[in-house]
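# Descriptive structure summary
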There are 2 protein chains.
Amino acid sequence: MMDKNIFVELLTQHHFKAVRNILDVMNEVDIASLLSDLDDKELALAFRLIPKDKAAEVFANMNNSMQSYLVEMFTEKELKELLDNLYMDDTVDMLEELPANLVTRILNTVSQSDRNMINLLLDYPDDSAGSIMTTEYVGLRRHMSVSEAMTHIKRTGIHKETIYTCYVMDRRKLVGIVTAKDLMTAEDYVAIEDLMETEIISVNTHTDKEEVAELFRKYDLIALPVLDADNFMVGIVTFDDAMDVMVEEATEDITKMAAMSPGESSYFETSAFVHAKRRIGWLLILLFSSTFTGTIITKYENAFAAIPLLVSFIPMLMDTGGNCGSQSSTLIIRGIALDEIHFKDIFKVMFKEFKVSFMVGVVLAAANGVRILIMYHNATMALVIGLSLMVTIIISKLIGCILPLLAKKVNLDPAIMASPLITTLVDICSLLVYFNIATHILM
Amino acid sequence: MMDKNIFVELLTQHHFKAVRNILDVMNEVDIASLLSDLDDKELALAFRLIPKDKAAEVFANMNNSMQSYLVEMFTEKELKELLDNLYMDDTVDMLEELPANLVTRILNTVSQSDRNMINLLLDYPDDSAGSIMTTEYVGLRRHMSVSEAMTHIKRTGIHKETIYTCYVMDRRKLVGIVTAKDLMTAEDYVAIEDLMETEIISVNTHTDKEEVAELFRKYDLIALPVLDADNFMVGIVTFDDAMDVMVEEATEDITKMAAMSPGESSYFETSAFVHAKRRIGWLLILLFSSTFTGTIITKYENAFAAIPLLVSFIPMLMDTGGNCGSQSSTLIIRGIALDEIHFKDIFKVMFKEFKVSFMVGVVLAAANGVRILIMYHNATMALVIGLSLMVTIIISKLIGCILPLLAKKVNLDPAIMASPLITTLVDICSLLVYFNIATHILM
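Residues numbered from 1 in each chain as written. Chains lettered and ligands numbered in written order. Predicted model: local features only at pLDDT ≥ 70, side-chain atom pairs only at ≥ 80, totals over all residues. Heavy atoms only, no water.

Along the backbone of chain A there are 23 helices and 6 strands. Expected size for 443 residues packed as a compact globule is a radius of gyration near 22 Å; at 30 Å, chain A overshoots this value by more than 25%. Considering only C-alpha atoms, chain A reaches an extent of 90 × 60 × 35 Å along its principal axes. The long-range share in chain A, meaning contacts at least 24 apart out of those at least 6 apart in sequence, stands at 68%. Only carbon and sulfur atoms are counted for the fraction: they give 56% of the accessible area of chain A, which is about 19,000 Å². Each charge class in chain A can be summarised by its mean position, and for the 37 positive and 60 negative side chains these summaries are 2 Å apart. (Helix = DSSP H or I, 4+ residues; strand = E, 2+ residues; numbered from the N terminus. Rg over C-alpha atoms; globule rule 2.2 N^0.38 Å. Contact = heavy atoms within 4.5 Å. Areas by Shrake-Rupley, 256 points an atom, 1.4 Å probe, with all protein chains shown as cover. Lys, Arg positive; Asp, Glu negative; His and termini not counted. Charge placed at Lys NZ, Arg CZ, Asp CG, Glu CD.)

What follows is the structure in structure tokens.
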């Protein structure tokens, strides 16, 4: 990796030839990351030294503040050149984050047809296939031969985001798919029609992008065609965007499972205020629901006034219940996300979790019983705690597996049914179980 | 999607032509999933009806028990044909799970050179680039022209897992990379040498596969070359395997964060006993550590004997602390996994979490204070609980952000520093804070 300090020194001392040489051999992603450490003036200078064929790709990999600055600073000609070389999906990604005056500037620079296309793409919902697709793909016709197709690709392919999946079109309808591998390994005279695959996996502009990513993973796709409501082909999603969606969705689920509202920017890019805002909502809800737990304790005041030792087992019971519940809910939430567990499996899941919780309960109750016998020489207390543990564990694991599946059934995100919410519910159950068992046996 | 019942009926009534027609248009992944619902005898029958050019790919997409059954049942000739058409990485994946007698059978069927290769691949550690790579890639030479390269690919490419990235070799050393896009859009006479990219992103056979997946995402790669200790090229990893690793790693992290040992098979494929085994370890550790919390409560017996109301706030304080801690640890763990947060950022992170916890603390303490004033008309109690909440939240968030970073520093998996472990720690802190503040102000 290039040393940033050396690079800045070469740049500020106007050793442009050396800088150009360095940029010439570097990868676009690495250039973008190197440039992100520069201040604005250096950035503008360095960007102009990037080889023409790399500039657009470097730009697409920059963060929004860098993009904003450059767009503002570009001459008309530079802006036009950049926009000509950017893929449509990268242009739209950028526009979604730019301030309004720069968006206007860009829309005024592109051609009328591009402007229409951009406005259409900007209109798709945030989490839809339409919002991540690009409109540049290779279209072929049925009656072309392999060599005609290759000539067509040689002429037009350089501006397409991928040429490895080509789409055979008949009056704007998608009728077949030919891979570059098919083309490269077939004889020149073969007709596209005889080569193409007609069983096509496709999505609609409004398909959820999480579903899109799942299709890529399931079928090992490089690109996926996107159709509009009339079944006309309007674009493709490429595997690199699908990979990003996969990682984003996992992050989103993990964030929700820890009782936070998810955000799109990274930890450091998000301000402390926004972080606080995303965390307070659930904390308030959980705070008030956990006061119920407190009220239950108050109800059994007499019990723990008579036997103070009872209170000391509360944290252990509550924590174990919470942990057991979140183990189950986590597995189920992840299984739902990966399309491995469905609502119809609910009884199968419950039975499995019951078996698991029985085994777990026996081991934990026994281990804890031995500890109580050693520490307090109190067999009755060991029995009370052991029984409470067993029942708590079984209830927690059942709650933990049922709630995410119910959420999925009513079209809520299963991820919100994760540990924090379940902990609160389980707390209430475990205390009720505990005090009922304790008062029956001990009093 | 094909209806399973119709398919089975056609199969058992020996309508082989119809079955063949169906299999002919279906995708390999879908065929594997359709076949997974059949019993063994139907499976063997159906597999033999799959078109020859799809059979290996369908086989690669089957689960282990189906693969075992088929390998056992195949004739010598069928097995050889299958192995000839399977990619090396799929063969190795299968061998890792098959019973020993079938492994021997397969190793006896393949050629000596394949056998050596398989044994080499089986030797790489489970989580290394070597374990997910394939050895079939397109190698070119510097002095070839584009048209020579295309002829070479036409002759050999059909058996390669990807031909979209070609590797230019010089005495087993990798000297450059040419994409199929370069080849398809360049003129026939251009020399590979002039077309190839010489700044190469590569990994070593022992590179962690999580790192490999991260490179695919960062650089939007289709394939990545793998070098051995002597820098000779030995194979490639393809993007589909990288996508699987990405999803597996996220699942693994999520599982660990909920205090379970991760496993490779899906929820239903894992027996209740194995599920229980994976969950009991952490539960036992957490159970015993939460008895410390109980001991702390016992120490302050006098305080809550004097003011019983104190006990009723314990669950609320413990839960809020736990939730705050797990919010922070979750964000940090995910940030570390995505390479966005590093140990050197620890003070930056701590300062940010301090600011966040201050804001969160003020809001929660105020909301809760109002509730206590309304319910109990007790301003002192509101003050005690408010103060305890503030301090608990700040401590929890700091613990939540420091522990995962420390774990990373000492080469532990940050994911184990997630909610359950932090909850236990935070419980202890919040109770100590609470009782100290309460006894100072109230007694």
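Before going further, it helps to examine the domain arrangement of chain A. The figure often quoted for interface size is the accessible area lost as the parts come together. All names here are of chain A. Segmenting chain A into domains produces domain 1 (4-125), domain 2 (139-239) and domain 3 (284-442). Each of domain 1 and domain 2 was reduced to a C-alpha centroid, and the two centroids are 29 Å apart. Contacts between the two partners involve 4 residues from domain 1, matched on the other side by 6 residues from domain 2. For the pair domain 1 and domain 2, the summed buried surface comes to about 480 Å²; carbon and sulfur atoms form 55% of the total. Here domain 1 is connected to domain 2 by 0 salt bridges. (Domains from an automatic or database assignment. Buried area = accessible area lost by both parts, 1.4 Å probe. Salt bridge = Lys/Arg side-chain N within 4 Å of Asp/Glu carboxyl O.)

Here we take up the pairing of strand β5 (residues 223-227) of chain A. Residue and element names in this part refer to chain A. Counting buried positions along β5 yields 5 of 5 residues, so the element is predominantly enclosed. As defined by bridge partners, strand β4 (residues 203-204) adjoins β5 across 2 bridges and the pair is classed as parallel. Within β5, the residue paired with Asn 204 across the bridge is Leu 227. Of the strand pairs in this sheet, β5 and strand β6 (residues 233-238) are connected by 5 bridges, and their pairing is antiparallel. Within the sheet, the bridge partner assigned to Leu 227 lies in β6 and is Met 233. Taking the residues between adjacent antiparallel strands as the criterion, β5 and β6 are bridged by 5 residues, where Asn 231 takes a positive phi near 65°. (Buried < 20%, exposed > 50% of the residue type's maximum accessible area, 1.4 Å probe, protein only. Pairing = 2+ DSSP bridges.)

On to the packing of aromatic side chains, then. Across all of its chains, the model carries 16 aromatic pairs over all chains by this definition. Measuring from centroid to centroid gives 6.2 Å for Phe47(B) and Phe59(B), while their planes differ by 70°, and the two rings are edge-to-face. Here Phe47(B), found in helix α4 (residues 40-49), pairs with Phe59(B), found in helix α5 (residues 52-60); they are 12 residues apart in sequence, far enough to count as distant. Grouping residues by exposure puts Phe47(B) and Phe59(B) together as buried. Among the aromatic residues, those joined into a ring-pair cluster are Phe47(A), Phe59(A) and Phe74(A). Above the ring of Phe232(A), the side-chain terminus of Lys173(A) is found at 5.0 Å from the ring centroid. (Phe/Tyr/Trp six-rings, centres within 6.5 Å; stacked < 30°, edge-to-face > 60°. Lys NZ or Arg CZ within 6 Å of the ring centre and 35° of its normal.)

All names here are of chain A. The UniProt entry lists residues 356-376, 382-406 and 418-437 under the feature "transmembrane region" (unreviewed entry), expressed in the numbering used here. With 100% helix and 0% strand, residues 356-376 has its two end C-alpha atoms placed 30 Å apart. Span residues 382-406 is 100% helix and 0% strand, its end C-alpha atoms 36 Å apart. (UniProt positions renumbered as here; feature names shortened; annotations may be inferred.)

Looking now at the pattern of salt bridges. For the coordinates displayed, the defined rule picks out 27 salt bridges over all chains. Close ionic contact of Glu248(B) with Lys209(B) constitutes a salt bridge, the shortest N to O distance being 3.6 Å. Placement of Glu248(B) in helix α16 (residues 239-257) and of Lys209(B) in helix α15 (residues 209-219) is noted, with a sequence separation of 39 residues between them. Each member of the salt-bridge network shares a partner with another, and the members are Arg142(A), Asp170(A), Arg171(A) and Glu193(A).

What follows is about the pairing of strand β2 (residues 165-170) of chain A. Residues and elements named next belong to chain A. In terms of burial, β2 is largely enclosed, as 5 of its 6 residues are buried. In this structure, strand β1 (residues 139-140) lies alongside β2, joined through 2 bridges in parallel fashion. When the sheet's bridge partners are listed, Leu 140 is paired in β2 with Val 168. One crossover worth recording links β1 to the parallel β2 by way of helix α12 (residues 146-156), and it is right-handed. Bridging between β2 and strand β3 (residues 173-179) involves 6 bridges; their strand directions are antiparallel. Counterpart to Val 168 in the pairing with β3 is Gly 176. (Right-handed = clockwise from strand over helix to strand, strands pointing away.)

Another aspect to go through is the sheet that holds strand β1 (residues 139-140) of chain B. Taken in spatial order, the 3 strands line up as β1-β2-β3 (chain B) in an open sheet, and their pairing is mixed. The sheet is open, and its two borders are formed by β1 and β3 (173-179) of chain B, each paired with just one other strand.

Let us look at helix α21 (residues 346-376) of chain A. In this model, α21(A) (31 residues) spans 42 Å end to end at C-alpha, consistent with the 45 Å of a helix rising 1.5 Å per residue. His377(A) lies just past α21(A) and shows a positive phi near 50°. (Expected span 1.5 Å × (residues − 1).)

Time to look at a negative patch on the surface. Together, Glu269(A), Asp93(B), Glu96(B), Glu97(B), Asp126(B), Asp127(B), Asp208(B), Glu211(B), Glu264(B), Asp339(B) and Glu340(B) line one region of the surface with negative charge. Among the secondary structure elements, Glu340(B) is positioned in the loop between α20 (314-337) and α21 (346-376). (Patch = residues over 30% accessible without salt bridge, like charges linked within 9 Å, V, L, I, M, F, W, Y side chains within 5 Å.)

The next point concerns the interface of chain A and chain B. Contacts between the two partners involve 111 residues from chain A, matched on the other side by 111 residues from chain B. Interface of chain A and chain B: buried area, both sides summed, is about 10,000 Å²; carbon and sulfur atoms make up 71% of it. Among the residues of chain A in contact with chain B, Met184(A), Tyr267(A) and Phe268(A) are the three that bury the most area, contributing 8% of the side total. Seen at the junction of chain A and chain B, the total is 6 salt bridges. Taking the shortest distance from any N to any O, the salt bridge between Glu353(B) and Arg279(A) comes out at 2.8 Å.

Looking now at the sheet that holds β6(A). Residues and elements named next belong to chain A. Pairing within the open sheet is mixed, and its 3 strands lie in the order β4-β5-β6. In the strand order of this sheet, the two ends are held by β4 and β6, each with one partner. Against the sheet, helix α15 (residues 209-219) makes contact with β4, β5 and β6, and its axis sits at roughly 140° relative to β5, the strand it touches most. (Axes fitted to C-alpha atoms, helices over the stretch in contact; angles between N-to-C directions.)

Attention now moves to the UniProt feature "domain: CBS" (unreviewed entry) in chain A. Residues and elements named next belong to chain A. Feature annotation in UniProt places "domain: CBS" (unreviewed entry) on residues 133-195 and 196-252, given in this structure's numbering. Note that residues 133-195 is 33% helix and 24% strand, and that its end C-alpha atoms are spaced 26 Å apart. Annotation note: span residues 196-252, helix share 44%, strand share 23%, distance between end C-alpha atoms 38 Å.

Residue and element names in this part refer to chain A. With respect to the secondary-structure elements, His 14 resides in the loop between α1 (4-12) and α2 (16-25). Since its relative accessible area comes to 51%, His 14 is described here as exposed. On a C-alpha basis, the gap between His 14 and Ala 191 in space is 56 Å, while along the polypeptide they are 177 residues apart.

What follows concerns α1(A). All names here are of chain A. If you check which residues of α1 are buried, you get Phe 7, Val 8, Leu 10 and Leu 11. For α1, the angular spread of buried residues about the axis comes to 160°, placing them on one side. Directly beyond the C-terminal end of α1, a positive phi value near 60° is found at His 14. (Arc of directions from axis to C-beta.)

What follows covers the packing of helix α1 (residues 4-12) of chain B against α4(B). Residues and elements named next belong to chain B. Running from amino to carboxyl end, α1 crosses α4 at an angle of 85°, the nearest separation of the two axes being 11 Å. Here α4 runs roughly perpendicular to α1, going by the angle between their axes. Each of Phe 7, Val 8, Leu 11 and Thr 12 in α1 lies in contact with α4, whose residues at this interface are Glu 42, Leu 45, Ala 46 and Leu 49. Grouping the constituent residues of the contact of α1 with α4 by class yields 6 nonpolar, 1 polar and 1 charged. (Parallel < 35°, antiparallel > 145°, perpendicular 65-115°, else oblique. Nonpolar A, V, L, I, M, F, W, Y, C, P; charged D, E, K, R; others polar.)

What follows deals with the relation of the copies chain A and chain B. Mapping chain A onto chain B calls for a rotation angle of 180° and an axial translation of 0.1 Å; the resulting RMSD is 0.1 Å. Such values leave the two copies arranged in the relation of a two-fold axis. Take the interface residues of chain A: 99% of them recur as interface residues in chain B, which is what a same-surface contact looks like. (Least-squares fit on C-alpha atoms with pLDDT ≥ 70 in both.)

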